[in-house]
Amino acid sequence: MLSKGFEVELYTGTPAGEVIGLSDQIVQALPGFVREPDSRNVEFTTPPVYLYDQALCDLLRPRFRLRAYLHSLGELTLVPGSTLSLGDSQQFYRSDPHNPYHTYIEQTYGSRVVTASVHINIGLRDPDALIRACRLVRLEAALFLALSASSPFLDGDVTGYHSTRWATFPKTPAYVPLFSSHAHFIAWTEAQLRQGTMQNVRHLWSAVRPNGDRRPYDLNRLELRICDLVTDPIELLAITALLEARLLQLLEQPELDPLQGSYLHRQGVDLAQLADANEMQAARHSLEAVLTHWQDGRQLTAAAWIAELVEEVWPIAKGQGFSCFLAPIKKILRQGNTAQQWLGQYHAGVPISEIMAAAVQAMATAEQEFAAQLCQPVPILQG
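Keep in mind it's a predicted model, so treat the numbers as computed, not measured. (Residues numbered from 1 in each chain as written. Predicted model: local features only at pLDDT ≥ 70, side-chain atom pairs only at ≥ 80, totals over all residues. Heavy atoms only, no water.)

1. Notes on the packing of helix 2 (residues 52–73) against helix 15 (residues 352–373)
When two helices pack together, their arrangement is captured by the angle between the axes and the distance separating the axes.
No. 1: One can describe the packing of helix 2 onto helix 15 by two numbers: an axis separation of 11 Å at closest approach and a directional angle of 120°. Relative to helix 15, the element helix 2 lies oblique. The element helix 2 and its partner helix 15 pack so that their crossing is left-handed. Contacts from Leu56, Leu60, Arg63, Phe64 and Arg67 of helix 2 reach helix 15 at Met363, Ala364, Glu367, Phe370 and Ala371.
No. 2: Within the contact of helix 2 with helix 15, the residues separate by chemical class into 7 nonpolar, no polar and 3 charged. (Axes fitted to C-alpha atoms, helices over the stretch in contact; angles between N-to-C directions. Helix = DSSP H or I, 4+ residues; strand = E, 2+ residues; numbered from the N terminus. Parallel < 35°, antiparallel > 145°, perpendicular 65-115°, else oblique. Left-handed = near helix turned anticlockwise from the far one by under 90°. Contact = heavy atoms within 4.5 Å. Nonpolar A, V, L, I, M, F, W, Y, C, P; charged D, E, K, R; others polar.)

Here it is in C-alpha cells:
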C-alpha cells in the first residue's frame, strides 16, 4: 500500500449556512490549522499514513477540535460545500493583511480563490514513477472531480455547474503540459519562475502536481488538487482508495502511461488540452458529463468510466486489503454526489437557504456519530 494524507479546507459560519471569516482567531487558538488568504476558510493537514482506518480518524479529529472551538465562540459551526453558496463572493476578507503573497492573490484573482476543497496526497518516492503517475492521474482527474462535486450554488443562486469551484478557479499557469520526465518538470518550473507566471514553487494550481519538501527537485508524493470538499469521510476514503488502487495498477503495468498507451497521443492530440476539456465537462455535469477517453477517444459518461475503473482495480484493492473502502464509490454512482443531491432538492422546490442549513446540520450529526462509534475519546459538541 501507499501512504496517503490530506489537506482539507473548510468554511466556518452559522448554522444557517452563512460563511463567516474566523481563520485569524482559529490559527492562534488551535495548533495544526493554517490560514488561507481569505479568512472565511481554514486548512488542516493530516499526516501520511498507510491504513485507512487511521486516515479516517485523522480526518475527523481536527474537525472535532475546530467544531468545539467554534461552539465556544457562540452559535458558530462548519459549513459544507466548496463555494460561498449563500454569498458574498464579491468581497475579499484578508486573513493576513501584511502577507505580500496574499496581496498578490487578492489583486490577481479576487474571490475566485475563496473555495473549500480537499487535496489528496499519495506517497511515491521514485521520481520517474511519480511523474508517470501524474500523467495518468491528470488524464483521469475529471473522474475524481465528478465524484466529489459539491458546489452548484454561489451567492444564493444556481450557477449551472456542479463544481462551480473548479469551473471558476484560476488554474495557474493557464497551460500545464504533461511532463515527460522529472528533468522536464524541473526545467519547466524554473522557466515559469523566471517568466513570472508562477510566483513561487507552490503557485502551480493544476488538477494534479508532483509535490515534495523541496520542489521541484526533491519530490515524494502525488497531489490531486481537483476534488471539491467531501465532508463524508467514508466517501473521501473511497475516492482515495480508487486513486491508490489505480496508482498501484500503474506501478504493476507501466504501459498504462498515457505517453505509451494512448492512441490519441500517437495521432498528435495534445493530451493536456484533452484533460482540461474533460475537467470543464465534469465541472459542469459531474457524473453525467460526457468525456473523451484518453486511450482511444471514445465518448462515455464519467459515471460509466468510473464504473469501469472500479471493476478494473477491485482485485488490486482486494489483494491489498482495502476493497471495503473502495465499495462506497458504487453508492455515489447510484445516489449521486453532493451537488446532484442538492440540485435535486432545489428542483423539487426547496430553497437554497434551506438546503444549506440542512446540510450544515447533517454534517454536524454525522460527526457526532463518528465520534461516538469510531474515533473516541474526543469530545464533540453540537454544531
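2. Quick notes on the pattern of salt bridges
Where side chains of opposite charge bring their charged atoms close, a pairing between them can arise.
No. 1: Applying the stated rule across the entire model yields 16 salt bridges.
No. 2: With its nearest N and O atoms 2.8 Å apart, the salt bridge here joins Arg63 to Glu367. Note that Arg63 is positioned in helix 2 and Glu367 in helix 15, a separation of 304 residues in sequence.
No. 3: Between Arg165 and Asp228 there is a salt bridge, and its shortest N-O distance comes to 3.2 Å. Placement of the pair is Arg165 in helix 5 (residues 164–168) and Asp228 in the loop between strand 9 (221–224) and helix 7 (233–252), with a sequence separation of 63 residues. (Salt bridge = Lys/Arg side-chain N within 4 Å of Asp/Glu carboxyl O.)

3. Comments concerning helix 13 (residues 328–335)
No. 1: The set of residues buried in helix 13 consists of Pro328, Ile329 and Ile332. The buried residues of helix 13 occupy an angular sector of 115° when projected down its axis, which confines them to one face.
No. 2: Elements that come into contact with the buried residues of helix 13 comprise helix 4 (127–148), helix 7, helix 11 (302–320) and helix 12 (323–326).
No. 3: Immediately beyond the C-terminal end of helix 13, within one or two residues, lies Gly336, with a positive phi of roughly 95°. (Buried < 20%, exposed > 50% of the residue type's maximum accessible area, 1.4 Å probe, protein only. Arc of directions from axis to C-beta.)

4. Re the pairing of strand 5 (residues 118–123)
No. 1: Counting buried residues along strand 5, 6 of its 6 residues qualify, which places the element largely inside the surrounding structure.
No. 2: Covered by surrounding structure in strand 5 are Val118, Ile120 and Ile122 together with His119, Asn121 and Gly123, the residues of both alternating faces.
No. 3: The sheet contact formed by strand 1 (residues 4–13) and strand 5 spans 5 bridges and is antiparallel. Along strand 5, the bridge assignment pairs Phe6 with Ile120.
No. 4: Where strand 5 lies against strand 9, 4 bridges are found, and the strand directions are antiparallel. When the bridges of strand 9 are listed, Ile120 appears paired with Leu224. (Pairing = 2+ DSSP bridges.)

5. Re the packing of helix 2 against helix 7
No. 1: Where helix 2 meets helix 7, the axes come as close as 10 Å, and the angle between the chain directions of the two elements is 135°. Classed by the angle they form, the pair helix 2 and helix 7 counts as oblique. Where helix 2 crosses over helix 7, the two elements pack in a sense that is right-handed. Here helix 2 contributes Tyr52, Ala55, Leu56, Leu59 and Leu60 to the contact with helix 7, which in turn contributes Pro233, Ile234, Leu236, Leu237, Thr240, Ala241 and Glu244.
No. 2: Grouping the constituent residues of the contact of helix 2 with helix 7 by class yields 10 nonpolar, 1 polar and 1 charged.

6. Considering the packing of aromatic side chains
No. 1: All chains considered together, the criterion is met by 11 aromatic pairs.
No. 2: Centre to centre, the rings of Phe153 and Tyr346 are 6.4 Å apart; their planes meet at 55°, and the pair counts as tilted. A residue pair is termed long-range when its members are at least 10 positions apart, and Phe153 in strand 6 (residues 153–154) and Tyr346 in helix 14 (residues 338–347) qualify at 193 residues.
No. 3: Ring geometry for Phe179 against Trp188: centres 5.1 Å apart, planes inclined by 65°, an arrangement best described as edge-to-face.
No. 4: For Phe179, a relative accessible area of 7% translates into the label buried.
No. 5: Members of the aromatic cluster, each reached through a chain of ring pairs, are Tyr104, Tyr109, Trp166, Phe169 and Trp205.
No. 6: The ring of Trp166 carries the charged tip of Lys171 above its face, separated from the ring centre by 4.8 Å.
No. 7: The ring of Trp314 has Lys330 lying over it, and the distance from NZ or CZ to the ring centre is 4.6 Å. (Phe/Tyr/Trp six-rings, centres within 6.5 Å; stacked < 30°, edge-to-face > 60°. Lys NZ or Arg CZ within 6 Å of the ring centre and 35° of its normal.)

7. Digging into the environment of Phe325
No. 1: Structurally, the position occupied by Phe325 is in helix 12.
No. 2: With 85 residues separating them along the chain, Phe325 and Thr240 place their C-alpha atoms 8.7 Å apart.
No. 3: Beyond its immediate chain neighbours, meaning those up to four positions away, Phe325 contacts Tyr52, Asp53, Leu237, Ala238 and Ala241.

8. Quick look at helix 10 (residues 271–285)
No. 1: Between the first and last C-alpha of helix 10 there are 21 Å, a value that for 15 residues agrees with the 21 Å anticipated at 1.5 Å per step.
No. 2: Along helix 10, the positions that sit buried rather than exposed are Leu271, Ala272, Leu274, Ala275, Asn278, Glu279, Ala282 and Ala283.
No. 3: Those residues of helix 10 hidden inside the fold are in contact with helix 4, helix 5, helix 8 (258–261), helix 9 (263–266), strand 10 (290–292) and helix 11.
No. 4: One side-chain oxygen at the N-terminal end of helix 10 lies 2.9 Å from the backbone nitrogen of Ala272; it belongs to Asp270. (Expected span 1.5 Å × (residues − 1). Polar contact = N/O pair within 3.5 Å; in protein donor to acceptor, adjacent residues only side chain to side chain.)

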